[in-house]
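Here is how the chains run, residue by residue.
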Amino acid sequence: MKVLVSIKRVVDYQLQVRPTADGLAVDTAGLKMSMNPFDEIAVEEAVRMREAGIADEAVVVACGSAACQDVLRTALAMGIDRAVLIVAETPLQPLAVARLLKVLALREAPDLILMGKQAIDDDAAQTPQMLAAMLGWPQATFASKIEVTGMQANVAREVDAGIEIVQVSLPAVISADLRLNTPRFASLPNVMKARRAVIEQIPAEGTGVDLAPRLETLSVAEIPTRPQGVRLASVKVLAERLQQAWRALQ
Amino acid sequence: MSTLVIVEHDNQRLHPHTRALLGAASRLAGEVDVLVIGHSCSTVAEEAATLEGVTRVRWVDAVHYSDLLAENLAMVVAQMAAAYRHVLLPATAFGKNLAPRVAAMLDVAQVSDIVGIQDAEHFVRPIYAGSLLETVRSREPVGVMTVRCSAFMPVGQSANAAPIVPFSAGPDMGVVRLLQRVRIDATHPQLANARVVVAGGRGLGSAEAFHRLLDPLAACFGAAIAATRAAVDSNYVGNDCQVGQTGKIVAPDIYIAVGISGAAQHIAGIRGAKLVVAINKDPEAPLIRLADLALVGDLHEVVPQLTEMLQR
Ligand SMILES: Cc1cc2nc3c(=O)[nH]c(=O)nc-3n(C[C@H](O)[C@H](O)[C@H](O)COP(=O)(O)OP(=O)(O)OC[C@H]3O[C@@H](n4cnc5c(N)ncnc54)[C@H](O)[C@@H]3O)c2cc1C
């Protein structure tokens, strides 16, 4: 079986972002960039499938600027076999990314596409489902457990009411939730090796895909701050304040 | 101009957030049609017909919709949606799973998690775990959007029931099958709509302490139980209790956070809470600084005392 994993380069999850001075965009200048945490989990899952002999090849792809090579190398260092960068210097929105991934999926013909369930920058959570629709494949989103047997996968999905276990026929798109696994840290020798790896580059323009953004960001603002709270001196005061608030609701 | 609202249900009843979803739809001009798609779900269609602002209920009923799987639903929704200006779904596991699939089939961009509607083209939505609000413009012919229901005013009842119009079912794709549904904790009130939420974090230290300390506190208010990712990962409670960027978004009147540090990813889920109470032994914990009412202390001492005082 062949697995394709798609990853995105985003502002590191530990950093706080701010709007630009003109309030028109997010100021990401100079911030540390990392692999989207959910995508890291997708990469880890693909590597585990490879190690367990379920997959015989795992390929990673990123769509974006040349800078994305760093996160692709991270994926290689974690144990992915081969990396592809679809190079686009303009920002891409989920619909365009899904289209680009479709082009690559048709070329690579994977049995399974693994992706993070959402990117922590735009929090859109769209690309896996869009890609599945474009390919006419089933989708198992928000996965916390994946069991592949033959040309089928049983996937535990984290839904609002708890867990839903679905069986999808392959090929399929599966999007990873946080509890699917805990990604490994790549060993130093593997990191060194990944630095020398060749990353195939495909210019997005050459794919014939419409890359134009469909949504226009008009402004970005910080959320209104809450008024300063109070520190209570005792449990008794807290109980009284809670009782007051509770009574006000009745 | 008209709007199609895809409602969430369990084939018997509408999801409680549906009134707020329709509240969002009412902010858009034109008629509002509701699509009820499922199996043996006539009672859901009838319930939807009585909600304020609904022009008509379109009802699709077939056995291959019983489990509400996106692959089958999207075929019908995409076919129907093309005739509407906007298509709204709730920003829940159900809506997030389905909406992008529909949008891709219509070849339009989707707008996720909207918290504000300015007009037919301008929407406000949180990004970066809710630390920023973005105003976007969508000029797509069909605006497919998921709605953060807690941000909108629920509609009321309508005096006259709207007509229910059956619509023929689409094909069964046969590519996915539901094997099992594991409902984790049905004893507490539904988290997404609870007026009071008692939430616990890693500070509780064990599943035993989590329930021993928080269940009686929650019972004082008939509150729902919530948790951080760390508490869910440690199996204190099920994943259905997780609140935050990856979990549920809640907007209760009172949110009582116990042993929770207040990571940005957790705060993302509670920004709509009216009164935030934090109990933490660390005076520097971000949630202690954010809370409206903060009590610095050891939860093992504070919570039993608090519960006892409230029970009196
Ligand atoms: C991509 C991504 C998505 C995420 N999504 C979510 C999400 O949706 N929801 C979420 O919650 N997290 C999420 N997280 C995790 C988040 O970053 C934090 O790790 C998590 O919220 C921490 O949980 P916690 O507050 O329970 O634990 P900790 O941060 O360990 O805090 C425990 C707190 O308990 C206090 N404490 C300990 N003992 C006591 C005591 N005896 N008395 C009083 N206080 C005590 C400590 O002072 C501390 O403040 C996400 C992370 C990533 C990377």
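Above this note sits the structure.
On to the nonpolar core. In this structure, Ile 113 of chain A together with Ile 6, Leu 98 and Val 144 of chain B are the most contacted members of the largest nonpolar core, which totals 59 residues. Leave out the neighbours within four places in its chain, and Ile 6 of chain B touches Leu 21, Leu 35, Val 77, Val 87, Leu 88, Leu 89, Pro 90, Phe 94 and Leu 98 of chain B. If you look at the next biggest cluster of nonpolar residues, it comprises 52 residues, including Ala 140, Leu 178 and Ala 194 of chain A together with Val 175 of chain B.

Attention shifts here to the interface of chain A and chain B. How big an interface is tends to be expressed through the accessible area that disappears when the partners come together. In this assembly, 77 residues from chain A lie in contact with 87 residues from chain B. Overall, the association of chain A and chain B removes approximately 6,900 Å² of surface from exposure, summing both partners, and the carbon and sulfur fraction of that is 56%. Counting the contacts that link chain A with chain B gives seven salt bridges. Glu 216 of chain A is the partner of Arg 139 of chain B in a salt bridge, and the nearest nitrogen-oxygen pair spans 3.7 Å. For the side of chain A that touches chain B, the residue count by class is 41 nonpolar, 17 polar and 19 charged. Bridging between strand S14 (residues 215–222) of chain A and strand S8 (residues 132–138) of chain B involves seven bridges; their strand directions are antiparallel. Across the sheet, the residue bridging to Leu 215 of chain A is Ser 138 of chain B, located in S8 of chain B.

Take the site of the ligand next. Surveying the vicinity of the ligand reveals 30 residues, the closest of which are Arg 202, Thr 228, Thr 246, Ser 261 and Asn 280 of chain B. Mapping the residues near the ligand onto chains gives chains A and B. For the ligand, a nitrogen atom lies 3.1 Å from a polar atom in the backbone of Lys 281 of chain B. Summarising the interface, the protein chains cover 85% of the accessible area of the ligand, which totals 990 Å² for the free molecule. When contributions to the shell around the ligand are tallied by element, the ones reaching two or more residues are helix H1 (37–51) of chain A together with helix H6 (229–233), helix H7 (264–267) and helix H9 (299–311) of chain B. Of the residues belonging to the shell around the ligand, the class tally is ten nonpolar, 15 polar and five charged.

In the structure shown here, the tally under the stated rule is 38 salt bridges over all chains. Two residues, Asp 113 of chain B and Arg 148 of chain B, come together in a salt bridge whose shortest N-O distance is 3.0 Å. Of the two residues, Asp 113 of chain B is situated in strand S5 (residues 110–114) and Arg 148 of chain B in the loop between strand S9 (143–147) and strand S10 (164–166); the sequence distance between them amounts to 35 residues. With respect to burial, Asp 113 of chain B and Arg 148 of chain B carry one shared label: buried. Across the pair Arg 195 of chain B and Asp 253 of chain B runs a salt bridge, and its minimum N-O distance is 3.0 Å. Of this pair, Arg 195 of chain B sits in the loop between strand S11 (176–183) and strand S12 (196–200) while Asp 253 of chain B sits in the loop between H6 and strand S14 (254–258); the two residues are 58 residues apart in sequence, bridging distant segments of the chain. It is possible to trace a salt-bridge network through shared partners that takes in Lys 2, Glu 57, Arg 82, Arg 107, Glu 108 and Glu 200 of chain A.

Scoring rules and cut-offs
Residues numbered from 1 in each chain as written. Chains lettered and ligands numbered in written order. Predicted model: local features only at pLDDT ≥ 70, side-chain atom pairs only at ≥ 80, totals over all residues. Heavy atoms only, no water. Core = buried A, V, L, I, M, F, W, Y, C linked by side-chain atoms within 4.5 Å. Buried < 20%, exposed > 50% of the residue type's maximum accessible area, 1.4 Å probe, protein only. Contact = heavy atoms within 4.5 Å. Buried area = accessible area lost by both parts, 1.4 Å probe. Salt bridge = Lys/Arg side-chain N within 4 Å of Asp/Glu carboxyl O. Nonpolar A, V, L, I, M, F, W, Y, C, P; charged D, E, K, R; others polar. Pairing = 2+ DSSP bridges. Helix = DSSP H or I, 4+ residues; strand = E, 2+ residues; numbered from the N terminus. Near = heavy atom within 4 Å. Polar contact = N/O pair within 3.5 Å; in protein donor to acceptor, adjacent residues only side chain to side chain. Areas by Shrake-Rupley, 256 points an atom, 1.4 Å probe, with all protein chains shown as cover.

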